[in-house]
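Reading the structure
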Amino acid sequence: MISDRLKKIICDELYLDPSTIEINDQTEAPQVPGWDSLNHANIIVAIEKDYGVRFKGLEVLKCNNVGALQKLVDSKLSN
Amino acid sequence: MIDFSSLQGNTLWERWQYFAQTTPDKEAIIHYRAADEPVRWTYAALLETANKFSLYLKNIGVKKGDVCAIIIRHNPYFYPFYLGITGIGALPSVLAYPNPRLHPEKFRQGLTGMAQRSGLDWIFTETELEDLILPFVEDKETTVNELFFPLEWNFHKEIDKESLQELNFIRAGIKENEPMLLQHSSGTTGLQKPVVLSHSAILSHVENYGKSIELSENDKIVSWLPLYHDMGLIAAYHLALASGVTSIQIDPFEWVLAPILLFMAASEEKATLTWLPNFAYNLMASKLSDEEMEDITLESLRMIVNCSEPVRAESHKKFFERFNEFGLNENALGAMYAMAETTLTVTQTEPGKRAAEISIDRESLSSGKVVISNDETKNRVCVSSGNIIEECEIKIVDNNRDEVDGDGSGEIAVKSISMFSGYRNYPEKTAEVLDDEGWYYTGDIGFLYNDELYVIGRKKDVIIVAGNNVYPEDVEDVVGKVENVLPGRVIAFGEDDTELGTEQISIVAETNFETEEELKKLRLDILRAGMSVNININKVYLAPSRWLIKSSSGKPSRKANRERIKNKNDEQVWSIK
């Protein structure tokens, strides 16, 4: 399940109000206003900074929705 | 260096066949994939499969001169299919695969607009898009004959002699001055401008451009650029196949998510040449970690050519400083100036030499004069796009299209042997940009210094986002229809994003909304409206009624209002960032 922390990072980066945006496990980037290919890199960097982790490009490539991104964060934190 | 005069073939098909016969086992295309081994097409295998596609296309009724739209994702069969279309004298036209955020109706509207101008005859796509495209094909008004799924075709049977003779007969009737392909400029709602290029325009361009970059048989091109974009299609695809060199093709969607793929492919395959829009320099320099760069060497890359959006000195600096330790040669940092209307390249920096940078006095430049300056507080650093390639001419003109003095800046006008013959079915747009003497007025502003071209801005309002042209009219049209935006009271413009090294889209819209909550909701509605036509609006400025300054035509002025926003001292304007 998506943590409030991850949702907040994404919304902050896109200047969205988390209370007005639905983001769940199945949400894909194109469904979120402002989340395009240019902003994608900024969102990933913001997640890395906030959690203090580093992703490899190929790991991010495998994340086809926000749920998969959350799992990637969790796996980094448990290492 | 390749001796272009020795290469045979007056049409693209003849040229490809020449390489299939003379260098059959040489790799033509390396179809690179993030999760799998690459698929490798030799020249012989590529042409053999292309022949099968040609026969299939002929049998379903595709004829010489028909326009064949291709909407297919990164797939190894794309290449022989594209060649197969050319092999019966039809015109391939690569269209962008629809982004999931694009509203189906908007996508079909885009196709309708495109079909009206280009006269699309056939659509070739994937089964996944059948439901999306079929209503468009079944529309009574459409020019499209039918929809096909070429990736599903079965090719177990070899081509018999008789069929091959039929194909050869068709091919003998294809002349070098006849249309070979059709490209579309960017845009979403019918503003696309179709450019048709002949076999001779492309082959001349391959020769002239190939010479300018000293293309050799040992070169290997690597690219993630989409093939619906002129830089991807001409530089990274046609240039390779018409010169007998190898092209490594990466999925653009995968590259955006994992930019390391370009360097992985370059390092593994020892690629020598690549073309990138400016934003890619910033993105890669800031995103790729040392961990990802482990085992990667960039020593083989002899030219990295910056093109498709204004070249920024700070992007080259950032890129070189980041990747120098991984073997990047400083002198590989080149640049070019190019456009679909001249097939591609107009100017190119010299191989083995970093693109020159000069400091110009900003104030003089704004009044059209080029004055070298050492005063850092008043300077603007301009990056060269290089020298004019062979059989191409440039002149710098003023607003009356009169040539300016040697040290003046103005609109760049171009004449080339590889020039398009006008936008297809768009005579009014052609007349605006092409004069009787064959000069094409680009709408870009620049100057010549030491015989090199420096591009410094645009006369046109087009916004270039990561190498893609976005027309403000498209954005204004969609935002103007959002509820609570005052009808017709919106302008769109590009704002520099120095961190990303590109422009982003901003809009100013008038509304009667006043409270923070209402304005936030309206911003979200505007962002969603942009998403429905695959336009990402970065900044939303909301202003009260009658805020926008009108131009003499009575419409809100983009230039005047952009300046007003830039000054950032108007309390009436609401924006969240």
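All values reported here derive from a predicted model rather than from experimental measurement.

1. Observations concerning the overall build of chain B
In terms of helices and strands, chain B carries 18 helices and 25 strands. For 577 residues, the compact-globule estimate of 2.2 N^0.38 gives 25 Å, and the C-alpha radius of gyration of chain B, at 24 Å, lies within 12% of that figure. If one aligns the C-alpha atoms of chain B with their principal axes, the spans along those axes are about 75 × 60 × 55 Å. Per-residue burial over chain B gives 59% buried out of 577 residues.

2. A word on the packing of aromatic side chains
All names here are of chain B. Under the counting rule described, the total for this entry stands at 29 aromatic pairs over all chains. Their ring planes at 70 degrees and their centres at 6.3 Å tell us that Phe148 and Trp153 sit as a pair that is edge-to-face. Cluster of aromatic residues (ring-pair linked, three or more members): Phe53, Tyr56, Phe81, Trp122, Phe124, Phe148 and Trp153. The positively charged end of Arg117 is found above the aromatic ring belonging to Tyr426, 3.5 Å away from the centroid. Stacked on the ring of Trp547, the Lys or Arg Arg564 has its end atom at 3.9 Å from the ring centre.

3. Quick notes on the sheet that holds strand E3 (residues 67–71) of chain B
All names here are of chain B. Pairing is parallel across the open sheet formed by four strands, whose spatial order is E4-E3-E5-E6. With one partner strand each, in any of the chains shown, strand E4 (91–94) and strand E6 (146–148) form the two edges of the open sheet. Strand-to-strand twist across the sheet, computed as the mean angle between neighbouring axes with direction ignored, equals 25 degrees. The pairing of E3 with strand E5 (residues 122–125) spans four bridges and is classified as parallel. Bridged to Cys68 within E5 is Trp122.

4. Some details on the interface of chain B and chain A
At the junction of the two partners, chain B supplies 31 residues and chain A supplies 29 residues. Both sides of the chain B and chain A interface together cover about 2400 Å² of buried area, and 65% of this is carbon and sulfur. Broken down residue by residue, the surface that chain B buries against chain A is led by Arg101, Leu257 and Lys287 of chain B, which jointly contribute 23%. Lys287 of chain B is the salt-bridge partner of Glu48 of chain A, the closest N and O atoms lying 3.5 Å from each other. Connecting chain B to chain A are four residue pairs in polar contact (both at pLDDT 80 or more). Elements that contribute at least two residues to the side of chain B that touches chain A include exactly helix H9 (252–257), helix H10 (260–269), helix H11 (278–287), helix H12 (290–293), strand E24 (502–510) and helix H17 (516–532) of chain B. Per-element tally for the side of chain B that touches chain A: the top contributor is H17 of chain B, with five residues. Class assignment for the residues of the side of chain B that touches chain A results in 17 nonpolar, six polar and eight charged.

5. Observations regarding the nonpolar core
Residue and element names in this part refer to chain B. By size, the foremost hydrophobic cluster in this structure holds 200 residues, and its most contacted members are Ile133, Phe263, Trp275 and Phe323. The leading source of residues in this core is helix H8 (residues 230–241), at nine residues. Composition of this core by domain shows at least three residues from each of domain 1 (4–257) and domain 2 (463–566). Phe493, Val508, Trp547 and Val573 belong to the second largest nonpolar core, which has nine residues in total.

6. Considerations on helix H6 (residues 161–172) of chain B
All names here are of chain B. Under the 1.5 Å per step criterion, the end-to-end length of H6 is 16 Å for twelve residues, consistent within 8% with the ideal 16 Å. All of the buried residues in H6 are Ser163, Leu167 and Arg171. In a view along the axis of H6, the buried residues occupy a sector of 80 degrees, so they form one face of it. Every exposed residue of H6 that faces more than 90 degrees away from the buried side is listed here: Lys161, Glu162, Gln165, Phe169 and Ala172.

7. Quick notes on the pairing of strand E20 (residues 452–458) of chain B
All names here are of chain B. The sheet contact formed by strand E16 (residues 379–388) and E20 spans two bridges and is antiparallel. In the sheet register, Asn387 faces E20, and the bridge partner there is Glu452. The hairpin turn running from strand E19 (residues 440–449) into E20, its antiparallel successor, is two residues long, and Asn450 in that turn takes a positive phi close to 50 degrees.

8. Thoughts on the pairing of strand E8 (residues 194–198) of chain B
Residues and elements named next belong to chain B. E8 sits mainly inside the fold: five of its five residues count as buried. The side-chain alternation of E8 yields two buried faces, one formed by Pro194, Val196 and Ser198 and the other by Val195 and Leu197. Of the strand pairs in this sheet, strand E7 (residues 179–184) and E8 are connected by five bridges, and their pairing is antiparallel. Looking at the pairing, His184 lines up with Pro194 of E8.

Cut-off values and rules
- Just so you know, the residues in each chain are numbered from 1, in the order the chain's sequence is written.
- Numbering of ligands from 1 and lettering of chains from A proceed in the order in which they are written.
- Reporting in this predicted model follows two pLDDT cut-offs: at least 70 for local features of residues, and 80 or more for side-chain atom pairs to be given and counted; totals over whole chains, interfaces and linings ignore these cut-offs and use all residues.
- In computing side-chain properties, one takes all heavy atoms of the structure into account and sets aside hydrogens as well as water.
- The helix and strand labels rest on DSSP assignments: H or I over at least four residues marks a helix, E over at least two residues marks a strand, and numbering proceeds from the N terminus.
- Note on method: radius of gyration uses C-alpha positions; expected globular size equals 2.2 Å times residues raised to 0.38.
- Throughout, exposure labels follow a simple rule: accessible area from a 1.4 Å probe, protein chains only, divided by the maximum for the residue type, with under 20% read as buried, over 50% as exposed, and the rest as partly exposed.
- Only Phe, Tyr and Trp rings take part, Trp by its six-membered ring, and two of them pair if their centres are within 6.5 Å. Stacked means planes under 30 degrees apart, edge-to-face means over 60, and tilted covers everything else.
- Placement of a charge over a ring requires the Lys NZ or Arg CZ to be within 6 Å of the ring centre, with the centre-to-atom vector within 35 degrees of the ring normal.
- Two strands pair under a simple rule: DSSP has to find at least two bridges between them.
- To define axes, lines are fitted to C-alpha atoms, for helices over the stretch in contact only, and angles between the resulting N-to-C directions are given on a 0 to 180 degree scale.
- Only heavy atoms matter for contacts: two residues are in contact if any of them lie within 4.5 Å across the pair.
- Once two parts are brought into contact, the accessible area they lose, counted with a 1.4 Å probe and summed over both, makes up the buried area.
- Between Lys or Arg on one side and Asp or Glu on the other, a salt bridge is scored when a side-chain nitrogen of the former is within 4 Å of a carboxyl oxygen of the latter.
- Any N or O atom pair separated by 3.5 Å or less is treated as a polar contact, with the protein-specific requirement of one donor-capable and one acceptor-capable atom, and with residues adjacent in sequence counted only for side-chain atom pairs.
- All amino acids are sorted into three groups, where Ala, Val, Leu, Ile, Met, Phe, Trp, Tyr, Cys and Pro are nonpolar, Asp, Glu, Lys and Arg are charged, and the leftover types, Gly among them, are polar.
- Residues belong to a common nonpolar core when they are buried Ala, Val, Leu, Ile, Met, Phe, Trp, Tyr or Cys residues joined through side-chain atoms within 4.5 Å.
- What fixes the domain bounds is an automatic or database domain assignment.
- Multiplying one less than the number of residues by 1.5 Å gives the expected span of a helix.
- The arc in question is the one spanned by the directions pointing from the helix axis to the C-beta atoms.

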